[in-house]
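Structure at a glance
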Amino acid sequence: MLASIVLPLCVPVFLYIIVNLLLPDKTPRHGIYATPGGKWYSLKWLFIYCMLKLRHRQMTKQNKLCYKPGDADHKSAGFGIRSHNTGAEMELFTDLTDKPHDNNSVYLYGINPVDGTWIGVRIAKRQNGVREVWFFLRLPGLNYDLLLPQHPDTMVPDVNSNGFEGAGLKIEVTEPMNTWNIIYEGNCRLASRRCSTDQEGDNPDQKGDGKLVYVSCSLKWRATTPYVNFDTDISPRLMAQNIAKEKWTREFFDNMKRLHQTHYEQFGEMAGSVNISGHPEQHVTARGVRDRSFGPRMWDQFYSYCLLFAQFQDGTSLHAGSFCIPNIFSHLNSGFFINKQGVIVKTVSSTLSLPDLMPETTPPKTFTFDMKMENGATYSFTVDMESSVVLIPDDKLDIKIHETKAAFTMNGIPGHGIGEWLTRPR
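Summarised in this report is the structure supplied together with it. Please read these numbers as outputs of a predicted model, since none were measured by experiment.

Our next topic: the overall build of the protein chain. Helix and strand counts for the protein chain stand at 6 helices and 21 strands. Relative to all contacts within the protein chain whose residues are 6 or more apart in sequence, the contacts with residues 24 or more apart total 63%. When the accessible surface of the protein chain is totalled, it reaches about 18,900 Å², and 55% of it is carbon and sulfur.

Next comes the structure, spelled out in structure tokens:
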């Protein structure tokens with residue numbers, strides 16, 4: 001009787017083991033990008049999925065927190081466990097560890113699709129007083145972009161400030177997870193606008209040959225959605241796929257833990273005034289996203305990535321990403337919606353594919369992709385890249401970041417946003 005019950009269960013398990021022992025390792029696309037399937041994939045996926053659900057359940061049930069005083073590295077955070085107990089604690093955390101590649105950054109962008117306003121700012125704190133500073137501004141009635149004088153270089157040395165400040169730009173929180181101030185005082189370079197169809201070098205003014213003008217900018221950013229913490233709010237089904245498709249080695253898991261960083265995002269709107277010498281004051285409004293990251297950031301570890309943010313006419317906000325960091329994740333996907341009611345809907349699978357989007361080093365002009373959500377719905381997107389600003393995040397590396405204004409459609413619903421691309425020579 002017992003044998004008649006156990007035997008039918010053992011046969012599939014036995015066959016699964018035999019098949020996977022005989023299966024060869026799946027060859028990465030272009031020799032780099034891992035893909036789902038292959039040896040032990042379903043077992044690996046199930047193991048990781050259960051682990052992520054268990055970690056998140058433990059945190060929820062026990063209010064478990066990995067960050068403790070003296071544990072500045074947040075060694076156990078991520079994969080279902082948050083790094084801080086509250087959002088306010090994350091917002092006010094601006095410290096760096098003593099590790100040479102530590103990063104603590106804030107980034108905001110805003111677009112007004114009606115008048116063409118486009119604003120992008122970022123400050124990343126690095127060791128020894130170094131900051132990575134991004135600032136670019138496009139205004140209606142001005143036929144140029146306003147860029148930092150040293151553009152496209154972003155590295156600023158010898159900054160004597162503990163906050164997010166450098167090169168005339170200051171970004172500071174006034175109410176955690178709700179409002180931030182953005183202030184810029186200093187010279188900017190007038191640069192001819194760069195189209196997404198331009199090749200590198202087509203617009204020399206983008207490389208720093210334009211006239212300098214004095215700019216005074218004061219903006220207030222206000223949140224319009226809840227924040228999404230990538231340590232806890234990304235679908236465990238999607239994360240299990242990201243981890244299961246990689247080749248498992250001791251080094252892989254060590255790197256995944258060692259190079260983990262806390263990252264969260266929140267959509268919002270900004271408004272304020274801009275004064276440019278020789279021009280009347282302009283009041284600007286724009287909608288976009290704010291993100292924060294802290295932890296290790298080594299640009300030389302990145303091979304490529306695509307990061308998309310969009311807001312649609314029905315009130316939906318979108319994040320979709322695909323990243324290649326070969327020592328950790330050779331093809332990591334991320335995604336979520338926030339609907340107009342403020343509900344976060346997680347992505348469980350995405351066809352956003354780096355080897356298809358960028359087989360070479362040039363971001364595509366137009367592309368499509370699909371995302372399946374945890375509520376069972378599938379959404380189809382079309383993205384048209386418009387104009388871009390190119391930045392160099394590290395002057396010692398041959399890496400470029402393309403901030404590209406874009407038009408989106410989601411199941412036919414129009415929207416606007418940006419595509420951020422990292423490229424490097426093959």
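As a further point, take helix α5 (residues 250-258). The complete set of buried residues in α5 reads F252, N255 and M256. Projected onto a plane normal to the axis of α5, the buried residues spread over an arc of 100° and lie on a single side. Opposite the buried face of α5, at more than 90 degrees from it, the exposed residues are R250, E251 and K257. Of the surrounding elements, those touching the buried residues of α5 are α4 (236-244) and β16 (329-338).

Bringing α4 into the picture now. With respect to burial, α4 is a largely interior element, 8 of its 9 residues being buried. Inspection of α4 places P236, L238, M239, A240, Q241, N242, I243 and A244 among the buried residues, and these make up the whole buried set. Its side-chain oxygen at 3.1 Å from the backbone nitrogen of R237, S235 defines the N-terminal cap of α4.

Taken as a whole, the largest pocket spans an internal volume of roughly 1,000 Å³. Surrounding the largest pocket, 43 residues form its lining, F230, Q261, H263, F323 and L332 being those nearest its centre. Only α2 (41-62), β1 (102-111), α4, β12 (262-276), β13 (282-296), β14 (304-312), β15 (317-325) and β16 provide two or more residues apiece to the lining of the largest pocket. Looking at the lining of the largest pocket residue by residue, the classes come out as 21 nonpolar, 13 polar and 9 charged. As a volume, the second largest pocket reaches approximately 500 Å³. The wall of the second largest pocket is formed by 25 residues, among which K44, K245, E246, K247 and W248 lie closest to the centre. Counting residues per element, the lining of the second largest pocket draws most heavily on α5, at 3 residues. Partitioned by chemical class, the residues of the lining of the second largest pocket number 9 nonpolar, 8 polar and 8 charged.

Quick look at empty space enclosed by the protein now. Scanning all chains against the criterion turns up 2 cavities of 30 Å³ or more. In this structure, the second largest cavity occupies an estimated 30 Å³ of space. Forming the walls of the second largest cavity are V133, W134, F135, L148, H151, D153, T154 and L391. Ranked by the residues each element gives to the lining of the second largest cavity, the list is headed by strand β3 (residues 131-138), at 3 residues. Here the residues of the lining of the second largest cavity are counted per class, giving 5 nonpolar, 2 polar and 1 charged.

This brings us to the side chain of H263. With respect to the element layout, H263 can be found in strand β12. Among the residues examined, H263 registers a relative accessible area of 15% and is labelled buried. A distance of 3.4 Å separates the side chain of H263 from the backbone oxygen of R292, its partner in a polar contact. A polar contact of 2.6 Å, which involves the side chain of H263, links it to the side chain of S293.

Rules behind the numbers
- Residues numbered from 1 in each chain as written.
- Predicted model: local features only at pLDDT ≥ 70, side-chain atom pairs only at ≥ 80, totals over all residues.
- Heavy atoms only, no water.
- Helix = DSSP H or I, 4+ residues; strand = E, 2+ residues; numbered from the N terminus.
- Contact = heavy atoms within 4.5 Å.
- Areas by Shrake-Rupley, 256 points an atom, 1.4 Å probe, with all protein chains shown as cover.
- Buried < 20%, exposed > 50% of the residue type's maximum accessible area, 1.4 Å probe, protein only.
- Arc of directions from axis to C-beta.
- Polar contact = N/O pair within 3.5 Å; in protein donor to acceptor, adjacent residues only side chain to side chain.
- 1 Å grid on protein atoms, 1.4 Å probe; cavity = no way out; pocket = protein on both sides within 12 Å on 5 of 7 lines; lining within 4 Å.
- Points joined across faces, edges and corners; volume = space filled by probe spheres on them.
- Nonpolar A, V, L, I, M, F, W, Y, C, P; charged D, E, K, R; others polar.

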